[in-house]
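Here are the chains, one letter per residue:
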Amino acid sequence: MSAPVDVTQDTFKSEVIESELPVLVDFSAEWCQPCQRLAPVLDEIAAEYDGKLKVVKIDADTERTLTAMFQVFSIPTVLLYKDGEKVDEFTNYRPKQEILSRIEPLL
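Residues numbered from 1 in each chain as written. Predicted model: local features only at pLDDT ≥ 70, side-chain atom pairs only at ≥ 80, totals over all residues. Heavy atoms only, no water.

Spelled out, the test is: UniProt positions are given in the numbering used here, feature names are shortened, and annotations may be inferred rather than shown by experiment.
The name an unreviewed UniProt entry assigns to the protein is Thioredoxin, from the organism Corynebacterium hadale. Checking UniProt for the protein, the heading Function (unreviewed entry) contains the comment "Participates in various redox reactions through the reversible oxidation of its active center dithiol to a disulfide and catalyzes dithiol-disulfide exchange reactions." Quoted verbatim from the Sequence similarities (unreviewed entry) heading of the UniProt record, the comment on the protein is "Belongs to the thioredoxin family."

In structure tokens form, the structure reads like this:
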């Protein structure tokens, strides 16, 4: 069973850009209520799609450079990457089925 991986500016390239799997990148913060609602959904997705999808988390408070680089203005912000390229993005809490409908085409 896979759990989301914490990513920093130092590990972003190796964990996201160079990943052989599609990657879901979650920009969040501990104090953020919608982030807290989304976290268990992403944990489930990470476990269910282990080996097919990588789920990573970026703490928007501590990784301010990454947050600014990706113009994250509200959290949670979720980016979807495939082959090192951003292919989709959404903000705020979304139901699991909606997230899966965005992931499925990437697999």
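From this point, the discussion proceeds with the structure in view.
### Quick look at the pairing of strand E3 (residues 54-59)
For the record, the criterion: The classification of residues rests on relative accessible area computed with a 1.4 Å probe and restricted to protein chains. Under 20% of the type maximum is buried, over 50% is exposed, and intermediate values are partly exposed. Working definition: helices are DSSP H or I runs of at least four residues, strands are E runs of at least two. Numbering for both runs from the N terminus. Two strands make a pair as long as DSSP finds a minimum of two bridges between them. Convention used here: a crossover is right-handed provided that the path from the first strand, over the helix, to the second strand proceeds clockwise when the strands point away from the viewer.
Within E3, 5 of the 6 residues are buried, which leaves it mostly tucked inside the rest of the structure. Judged from the 2 bridges that link them, strand E1 (residues 5-6) and E3 form a sheet pairing that is parallel. Bridge pairing in E3 links Asp6 to Lys57. Bridge analysis of strand E2 (residues 23-28) against E3 gives 6 bridges, and the strand direction is parallel. Note that in E3 the partner of Ser28 across the bridge is Asp59. Once you follow E2 into helix H2 (residues 33-48) and on to E3, the crossover reads as right-handed.

### As for helix H4 (residues 96-103)
Test applied: The arc in question is the one traced by the directions running from the helix axis out to the C-beta atoms. By definition, residues are in contact when any of their heavy atoms lie within 4.5 Å.
By the burial criterion, the buried members of H4 are Lys96, Ile99, Leu100 and Ile103. Mapping the buried residues of H4 onto a view down its axis gives an arc of 100 degrees, with all of them on the same face. Against E2, H2, strand E4 (77-82) and strand E5 (85-91) lie the buried residues of H4.

### Section: the state of the cysteines
We apply this condition: Disulfides are defined in this document as cysteine sulfur pairs within 2.5 Å.
Tallied over the entire structure, the rule returns 1 disulfide. Here Cys32 pairs with Cys35 through a disulfide, and the sulfurs are 2.3 Å apart. Of note, the bridge from Cys32 to Cys35 carries an S-S torsion of about 80 degrees and is right-handed in sense. Assigned by exposure class, Cys32 and Cys35 land together as buried.

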